[in-house]
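# Descriptive structure summary
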Amino acid sequence: MKRTFKWMIGFVALLLVVAACSSDSSDDTTETTAAGGGETETTQAAASGEVVDLVIESWRNDDLAIWEDTIIPAFEADNPNIHVTFAPTAPAEYNAILQSKLEGGTAGDLITCRPFDASLDLYDAGHLADITDLAGMENFSDVAQSAWITDDGTQKFCVPMASVIHGFIYNADAFTEIGVEVPTTEDEFFAVLDAIKADGNYDALAMGTADQWEAATMGFQNIGPNYWLGETGRTGLIEGTEKLTDQQYVDTFTTLARWADYMPDGFEAIAYPDSQALFTLGGAAIYPAGSWEIGLFNEQAEFAMGAFKPPVKADGDTCYISDHTDIALGMNPASANSEAAQTFLSWVASPTFASMYANSLPGFFSLSNHSVTMDDPLAQEFLSWRDDCESTIRNSYQILSRGEPNLENELWAVSATVINDTATPEAGAAILQEGLEAWYPPQQNG
Amino acid sequence: MTSASTNTDVVGGTSTKRWRFPRHVAVFLAPALLLYTVFMVYPLLDSLRLSLYSDEGVFVGLANLRELLPGGSLSSSFWNALGNNLVFFGFHFLVQNPVGLLLAVLLTQHLLKRGKGTYRTLIFSPTVLSVVIVGFIWQLILSPLWGVVSTPLLGLTSTALPTLSLMSVWQFVGIPMMFFYAVLVGIPEDLIEAARVDGANGWKIFWKIIFPLLLPMLGIISIITYIANLNAFDLIYSVQGALAGPEFSTDIMGTLFYRSFFGFQLQSGSTAMGATVATAMFIVILLGVLVYLFGWAKRVETYEL
């Protein structure tokens, strides 16, 4: 009887020891591969012609097919020794998952970079490699690189891949049917909305405020640059010379609040996929958009579509567009195959990739200096605005969303609130300014 | 065999032999205790510890927790979330319990000739569904575009939280129903008959006999609901997203924790603040449980039947 207990205790103890040992040894292996073993492995691989595996972390799970069928085969054709796997996760979980993978040492070799602070934090924590001297970086302008450099501008850590442009996509058949023309000024824009509303067959604007980010991104950041004069206003906020309670920001909210009359009934509970479906099913005439919608809309909509840029206040005014740096690619410094990863990154900086990526994913416009021609007419329309208008990026992205309360989060909530008419534009702007002043020194004087 | 004989050893041992440590108890407890310690107790304590450090790993004492108190940077978000959590629990307490009880009473009455089992299963079945599915279905039902109501119930600050609470009640009402049902079927028929002979009507029987017998169970259900509600996250996240709109009106501590710990869009995650919110949740839940233990469980009389 006693012996049985001893046995059992011994067994449990043994189990524990085994468990402890096995976890120890697996740790060891990862460490060696990550740190010491890396170099030798690559050289060995190169020498013997062995195939090196690269894994790309990304949130673009919508693009899986394009990477697997077009982009990666093109790269592998030139580099038979490198095998690339595209391993995306859901957009909403990407940041969190990537963070834990990087900390746990299980992340892939190449990291798709979110713009600004999310990537800067990773770089500061040593999870993104410095690629300032990478061959190919000279193909990108300063603005294109602005989202993936240190604050002092000396170190770069991601190769810019694409930007997205805001504007409005419209149902061209509906416009013909109702007999309205594409608007260029704000008065014309609201006249068109009135005409569509009077006609009654279509909801004028396919948008809801349930998810909040559409209100901020497709609303505020879409039409706003015309009010705060693009980069002038954006840098003004960062330097503290402009405040979010200034007239141009309040006016943006005032105009945004007018949209409510033209949105579908019950828009307060209409989510992003709902409004996408409403538009592609032909239920609405105008969709406040980002260019990334083009791919999906081409696939789903069975009517002719066109696009127009955010309307200016008066005819002849300079137009400003949000040409937002959205996506880039960096390298995991813990990668065991850093040479191969660098080869891939240089290829991403090449004109071949620029053209292939932009054309496989219409709506994601290359940031490189190479001129890329777009086959898709809708995408070409968006791209053409770069020639006519001044480009800027979303004003809340650089530096201003670093503190608590988070400006971007508040901007979502406030934009939705203003459209829902539960706060006035002035009150909404005041909330944002108060939040910013709470932690951002340049906004605190005066 | 073995354990029975050891038992006698232990029980009888005090007088005849020297008391020996009942080693089999340790062996039987070990697996559960070990797993529980490794996967529950240790992470819990470590998260409490993390809340005392800054993100850089510097010990800061209670400074993080102070950010949640009035004047701190997370104060308004935290108190808003806590308030919403309590409203969320309030709806469960005030709606789920009576409805659950009503359903249980209906099931034990002889009104239903057939299909009691079917009803019981049907009412219980949403409980086993994934919250994401429940959220998605209700979102479609309540969608002003495709659904049955034109009022944007989930989009107005005044109605969003009550709507979500009721969705959750709809999903989980089966649990109190089952608990109450178990108590109700356990009440001996002769008690009721005796009361009836004494001239009590149905109303009086319910309040004087059945209800007191249900009270201990009501307490258990309430505390389970309280813990689940204060820890809630998934329903809000799947229906309203991590920003818990409109205007944070459905933001609860779970979603606040998610944003603080993992970050959201441009907001960077912070281990320290995440752990701090988690600690605050732990404290709030602990307080609730203490109130239950000392304010309720000790006072409510349990009857042996």
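Procedures and definitions
- Residues numbered from 1 in each chain as written.
- Chains lettered and ligands numbered in written order.
- Predicted model: local features only at pLDDT ≥ 70, side-chain atom pairs only at ≥ 80, totals over all residues.
- Helix = DSSP H or I, 4+ residues; strand = E, 2+ residues; numbered from the N terminus.
- Rg over C-alpha atoms; globule rule 2.2 N^0.38 Å.
- Buried ≥ 20, exposed ≤ 12 C-beta atoms within 10 Å, placed from the backbone.
- Contact = placed C-beta atoms within 7 Å.
- Domains from an automatic or database assignment.
- Nonpolar A, V, L, I, M, F, W, Y, C, P; charged D, E, K, R; others polar.
- Pairing = 2+ DSSP bridges.
- Core = buried A, V, L, I, M, F, W, Y, C linked by C-beta atoms within 7 Å.
- Axes fitted to C-alpha atoms, helices over the stretch in contact; angles between N-to-C directions.
- Parallel < 35°, antiparallel > 145°, perpendicular 65-115°, else oblique.
- Arc of directions from axis to C-beta.

Once that is clear, we can look at the overall build of chain B. Helix and strand counts for chain B stand at 13 helices and 2 strands. For chain B, whose C-alpha radius of gyration is 25 Å, the value lies well above the compact-globule estimate of 19 Å for 305 residues. Along the first, second and third principal axes, the C-alpha atoms of chain B reach 65 × 65 × 35 Å. Buried residues in chain B amount to 34% of all 305 residues. The contacts of chain B with a sequence gap of at least 6 include a subset with a gap of at least 24, amounting to 66%.

Our focus in this paragraph is the overall build of chain A. Summing up its helical and strand segments, chain A has 19 helices and 10 strands in all. Here chain A holds 446 residues, and 48% of them are scored as buried. If you take every contact in chain A between residues at least 6 apart in sequence, the share linking residues at least 24 apart comes to 78%.

We now examine the domain arrangement of chain A. Residue and element names in this part refer to chain A. Taken domain by domain, chain A consists of domain 1 (50-162 + 325-373) and domain 2 (165-323 + 391-443). Inter-centroid distance (C-alpha atoms) of domain 1 to domain 2 is 29 Å. At the junction of the two partners, domain 1 supplies 9 residues and domain 2 supplies 11 residues. Partitioning the side of domain 1 that touches domain 2 into residue classes produces 6 nonpolar, 2 polar and 1 charged.

Okay, the interface of chain B and chain A next. If you look at the interface, chain B gives 33 residues, while chain A gives 38 residues. Secondary-structure elements contributing two or more residues to the side of chain B that touches chain A are helix 2 (23-50), strand 1 (263-264) and strand 2 (267-268) of chain B. Its residues assigned to classes, the side of chain B that touches chain A comprises 16 nonpolar, 15 polar and 2 charged.

Time to look at the pairing of strand 8 (residues 320-331) of chain A. On a regular strand, each side chain points to the face opposite its neighbour's, so the side chains alternate between the two faces of the sheet. Residue and element names in this part refer to chain A. Burial of strand 8 is extensive: 12 of the 12 residues sit out of reach of the surface. Alignment of strand 3 (residues 110-113) against strand 8, held across 4 bridges, turns out to be antiparallel. Bridge assignment links Cys113 to a residue of strand 8, and that residue is Ala328. Both strand 4 (residues 158-171) and strand 8 contribute to a ladder of 7 bridges, which runs antiparallel. Across the sheet, residue Pro160 finds its bridge partner in strand 8, namely Ala328. With 3 bridges connecting them, strand 8 and strand 10 (residues 390-392) associate as parallel partners. Across the sheet, the residue bridging to Ile321 is Ser391, located in strand 10.

In this structure, Leu205 and Phe344 of chain A are the most contacted members of the largest nonpolar core, which totals 169 residues. Ranked by the residues each element gives to this core, the list is headed by strand 4 of chain A, at 9 residues. The two domains that each donate at least three residues to this core are domain 1 (50-162 + 325-373) and domain 2 (165-323 + 391-443) of chain A. Contacts of Phe344 of chain A, omitting those with residues within four sequence positions, involve Leu54, Phe75, Ile82, Val84 and Leu110 of chain A. Core analysis: the next-biggest nonpolar cluster, separate from the first, contains 15 residues, Leu101, Phe172, Val173 and Ile221 of chain B among them.

All names here are of chain A. It is at 9 Å that the axes of helix 18 (residues 407-420) and helix 19 (residues 425-437) come closest, and there the two elements cross at 170°. As judged from the angle between their axes, helix 18 and helix 19 are roughly antiparallel. Listed contacts from helix 19 to Leu407, Glu410, Leu411, Val414, Thr417 and Val418 of helix 18 are Pro425, Gly428, Ile431, Leu432, Gly435 and Leu436. Class assignment of the residues belonging to the contact of helix 18 with helix 19 gives a composition of 8 nonpolar, 3 polar and 1 charged.

Within helix 15 (residues 338-348) of chain A, burial applies to Ala340, Ala341, Phe344, Leu345 and Val348 of chain A. One side of helix 15 of chain A carries all its buried residues, which in axial view fall inside an arc of 140°.

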